[in-house]
Amino acid sequence: MLKLSKHRLFTLSATLIFAGYLHSATLDESQMSRTLQPALCALTSSMMDIREGLARCAKEGKEERLSESNLVIEARAAGDDDTEKES
């Protein structure tokens, strides 16, 4: 009987603690728009800036590789063997 009472008390305590956490989470969620929204907007803006910077770097890298490959192709067409040895 004592074991059953301890089990029920433990279950009731766990249930009340869980309900308290849910209530707290609900309150936090209702306040999130006021407290976190500006920070989330700033973070999103920063991430977009980083993405644009990376895209620009990737584009410049592609253009650089294309110009280098064009120089190699032109050198090969001109019959310059030194560029083939460097590659």
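Residues numbered from 1 in each chain as written. Predicted model: local features only at pLDDT ≥ 70, side-chain atom pairs only at ≥ 80, totals over all residues. Heavy atoms only, no water.

Asks: How do you make sense of the overall build of the chain when you look at a structure like this?
Replies: Looking only at helices and strands, the chain features three helices and zero strands. In the chain, the succession of α and β elements from N to C terminus is α-α-α. Burial statistics for the chain: of 87 residues in total, 3% are counted as buried. Surface exposure of the chain reaches about 8100 Å², of which carbon and sulfur atoms provide 63%. (Helix = DSSP H or I, 4+ residues; strand = E, 2+ residues; numbered from the N terminus. Buried < 20%, exposed > 50% of the residue type's maximum accessible area, 1.4 Å probe, protein only. Areas by Shrake-Rupley, 256 points an atom, 1.4 Å probe, with all protein chains shown as cover.)

Asks: In this structure, what is going on with a nonpolar patch on the surface? I would like to understand it.
Replies: A cluster of nonpolar side chains, namely L36, L40, L43 and M47, defines an oily patch on the protein surface of about 360 Å² accessible area. Within the secondary structure, L36 is located in the loop between α1 (2-35) and α2 (37-78). (Patch = residues over 30% accessible without salt bridge, like charges linked within 9 Å, V, L, I, M, F, W, Y side chains within 5 Å. Salt bridge = Lys/Arg side-chain N within 4 Å of Asp/Glu carboxyl O.)

Asks: For this particular structure, what's the right way to read a negative patch on the surface?
Replies: On the surface, E60, E63, E64 and E68 cluster together into a negatively charged patch. Examined against the element boundaries, E64 turns out to sit in helix α2. (Lys, Arg positive; Asp, Glu negative; His and termini not counted. Charge placed at Lys NZ, Arg CZ, Asp CG, Glu CD.)

Asks: Can you walk me through the confidence of the model for the chain in this structure?
Replies: Predicted coordinates in regions of low pLDDT should not be interpreted in detail. Chain-level pLDDT for the chain is 77 on average; 85% of the residues reach the 70-or-more range. Ranking the helices and strands of the chain by mean pLDDT puts α1 first, with 83, and helix α3 (residues 82-86) last, with 50. (pLDDT = per-residue confidence, 0-100.)

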